[in-house]
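Reading the structure
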Amino acid sequence: MPASGGDVFVHAKSNNRGNLFEFAKEFIHKLPKDSICCFEDVYGYVYKNGRDMSGFVDGTENPADEDDRKKVALTTTGGSYLVSVSVEHIYLMHVQHFLR
């Protein structure tokens, strides 16, 4: 198959970060040699019962039952897609805001 470019997104969850590291290491080593040009390792966390740094609760409008989730996530071909947003917070601004 010819190279087509693009990204690979792996979402892995564990309560043990050591397990996540081992998984990522094994996953990368099983890919074809020189197939990775860059790698980003991002760890998430839960802040104040699922709120973001501004206090907003995300995900409250997500479909609750399986049928509704299928309606919004599956395409007519049976596949699905992922939308990922990476936001870099300027932490100092948040700290200054909350310390006022």
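All of the points below concern the structure found in this document. Note that the structure is predicted; figures quoted are calculated from it, not measured.

1. Here we look at the environment of V42
- Note that V42 resides in the loop between α1 (17-29) and α2 (66-73).
- Each C-alpha atom, one on V42 and one on H11, is 9.8 Å from the other, the two residues being 31 residues apart in sequence.

2. Quick look at the pattern of salt bridges
- Per the stated rule, a full pass over the model turns up one salt bridge.
- Across the salt bridge formed by K25 and E22, the nearest N and O atoms sit 3.6 Å from each other. Of this pair, K25 and E22 are both found in helix α1, three residues apart, which corresponds to roughly one turn of the helix.
- On the accessibility criterion, K25 (33% relative accessible area) is partly exposed.
- Owing to a relative accessible area of 39%, E22 belongs among the partly exposed residues under this scheme.

Reading the values: rules and limits
- Residues numbered from 1 in each chain as written.
- Predicted model: local features only at pLDDT ≥ 70, side-chain atom pairs only at ≥ 80, totals over all residues.
- Heavy atoms only, no water.
- Helix = DSSP H or I, 4+ residues; strand = E, 2+ residues; numbered from the N terminus.
- Salt bridge = Lys/Arg side-chain N within 4 Å of Asp/Glu carboxyl O.
- Buried < 20%, exposed > 50% of the residue type's maximum accessible area, 1.4 Å probe, protein only.

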